[in-house]
Amino acid sequence: MGDREAFLNRIAARLGKPRRRSRPEPVRLEGPDRIGMRPPEAPASLFLENWEKAGGAVVGEPAEAALPALVARHAVREALVGGLSLPIDGREGPSDGPAAPSTAEPSGSGDPLAAAEAARKALLSAALTLRRLGVDVRPERGADRAFAARATLGVVAADAAIAETGSVVFLTSATAGRTASLLPPVLWIVVSRATVFPTLGEALRALAERGRKDGFPSAIQIVTGPSRSADIEMQLTLGVHGPGTVWAQLV
């Protein structure tokens, strides 16, 4: 018996599964719609459609109506909020964002500054709703590591979204970290219609223009659905290297 056969036999024995002797049939997943060179007429709707195809969930009602069921389902006791500073009494403090790409003409309807304000208000509404439900809510920048590790829910605003792939984009800076979007197992994302780009290329061009004008972020995250990991046995697992449940709220 060769080294390869012995190695594979040990893996199968430890997994408690029989060895596969034939090549498995490929798993065919329904992929996102391709747009081609012409932007879609309704990028926000296509984003939501492809977001769901990638395994994400869509919030179809205000946070006040949707969050009670989510909190109960996932037993949420602690939550991290990115982009807002919320004092203990629940009144809004200074805000660092979210910021819409300032150099790109919005693909959705409305003024991008007004859309960014709507996203900020949606973040605040979600945070205050969580507090009314008895959840310990803390801003990302003010939470210690122990709290961040315990938090079940992250609430953040996307800097942009991409219709053709159903993806959201987060920009990392000194005032916008990655803890709230990466560490909690459940993620609630506020997406502004004015920041939904038809294609990945258009989003990257807008981000490049913004970077040349205002400075580039330390990192750019492009998130498409929940975190996915697969091993040598083709076992797909959600939520190992990031949130396993992701919700998108379009505002």
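Residues numbered from 1 in each chain as written. Predicted model: local features only at pLDDT ≥ 70, side-chain atom pairs only at ≥ 80, totals over all residues. Heavy atoms only, no water.

With that out of the way, let us pick up unusual backbone geometry. For Ala 75, which is not a glycine, the phi torsion comes out positive at approximately 50 degrees. Assignment of secondary structure puts Ala 75 in the loop between helix H3 (63-74) and strand E2 (78-81). (Helix = DSSP H or I, 4+ residues; strand = E, 2+ residues; numbered from the N terminus.)

The strand order E1-E12-E7-E4-E2-E3 describes an open sheet built from six strands, whose pairing is parallel. In the strand order of this sheet, the two ends are held by strand E1 (57-58) and strand E3 (136-139), each with one partner. As defined by bridge partners, E2 adjoins strand E4 (residues 153-157) across three bridges and the pair is classed as parallel. Note on E4: the bridge partner recorded for Leu 80 is Gly 154. The strands touched by helix H2 (residues 43-53) are E1, strand E7 (186-191) and strand E12 (245-250); relative to E12, the strand with the most contacts, the crossing angle is about 170 degrees. Each of E4, E7 and E12 is contacted by H3, which is oriented at about 165 degrees to E7, the strand it contacts most. (Pairing = 2+ DSSP bridges. Contact = heavy atoms within 4.5 Å. Axes fitted to C-alpha atoms, helices over the stretch in contact; angles between N-to-C directions.)

As a further point, take the nonpolar core. In this structure, Phe 47, Val 168, Ile 189 and Val 191 are the most contacted members of the largest nonpolar core, which totals 25 residues. Put simply, the parts of the chain that give this core at least two residues each are H2, helix H5 (145-150), strand E6 (167-172), E7 and E12. Residue contacts for Phe 47: discarding those within four places in its chain leaves Ala 161, Ile 162, Ala 163, Gly 166, Ser 167, Val 168, Val 191, Val 196 and Ala 248. Formed by 24 residues, the second largest nonpolar core is a distinct cluster that contains Ala 66, Val 71, Ala 127 and Trp 188. (Core = buried A, V, L, I, M, F, W, Y, C linked by side-chain atoms within 4.5 Å. Buried < 20%, exposed > 50% of the residue type's maximum accessible area, 1.4 Å probe, protein only.)

On to the pattern of salt bridges. Summed over all chains, the structure comprises six salt bridges. Taking the shortest distance from any N to any O, the salt bridge between Glu 78 and Arg 150 comes out at 3.8 Å. Within this pair, whereas Glu 78 is found in strand E2, its partner Arg 150 is found in helix H5, the two being separated by 72 residues in sequence. A salt bridge links Asp 136 to Arg 138, with the nearest nitrogen and oxygen atoms 3.1 Å apart. When its relative accessible area of 28% is taken as the criterion, Arg 138 is described as partly exposed. The network of salt bridges with common partners includes Arg 4, Glu 5 and Arg 19. (Salt bridge = Lys/Arg side-chain N within 4 Å of Asp/Glu carboxyl O.)

Next up on the list: the sheet that holds strand E8 (residues 196-197). In any sheet, the strands associate via hydrogen bonds between backbone groups, in a parallel or an antiparallel arrangement. Ordered by their spatial adjacency, four strands build an open sheet running E8-E5-E6-E9, and the pairing between neighbours is mixed. Two strands bound the open sheet, and with one partner strand each, they are E8 and strand E9 (219-223). Relative to E6, strand E5 (residues 160-162) runs antiparallel, the two sharing three bridges. Each bridged residue has a counterpart across the sheet, and for Ile 162 the counterpart in E6 is Ser 167.

A separate point is H3. The end-to-end C-alpha distance of H3 is 16 Å, a good match for the 16 Å that twelve residues give at a rise of 1.5 Å each. Inspection of H3 places Ala 63, Ala 66, Leu 67, Leu 70 and Val 71 among the buried residues, and these make up the whole buried set. Buried residues of H3, seen end-on, are gathered within an arc of 130 degrees and therefore sit on one face of the element. The exposed residues of H3 that point more than 90 degrees off its buried face are Ala 72 and Arg 73. One or two residues past the end of H3 sits Ala 75, with phi positive at roughly 50 degrees. (Expected span 1.5 Å × (residues − 1). Arc of directions from axis to C-beta.)

This part takes up the layout of surface pockets. Of the pockets and cavities examined, the second largest pocket occupies roughly 300 Å³. Around the second largest pocket sit 14 residues that line it, and Leu 8, Arg 19, Arg 20, Ile 232 and Glu 233 are the ones nearest its centre. (1 Å grid on protein atoms, 1.4 Å probe; cavity = no way out; pocket = protein on both sides within 12 Å on 5 of 7 lines; lining within 4 Å. Points joined across faces, edges and corners; volume = space filled by probe spheres on them.)

Moving on: the pairing of E12. With five of six residues buried, E12 is to be regarded as a mostly interior element. Pairing analysis gives two bridges linking E1 to E12, with the strands arranged parallel. Directly across from Ala 57, in E12, lies its bridge partner Trp 247. In terms of strand pairing, E7 meets E12 through six bridges, oriented parallel. When the bridges of E12 are listed, Ile 189 appears paired with Ala 248.

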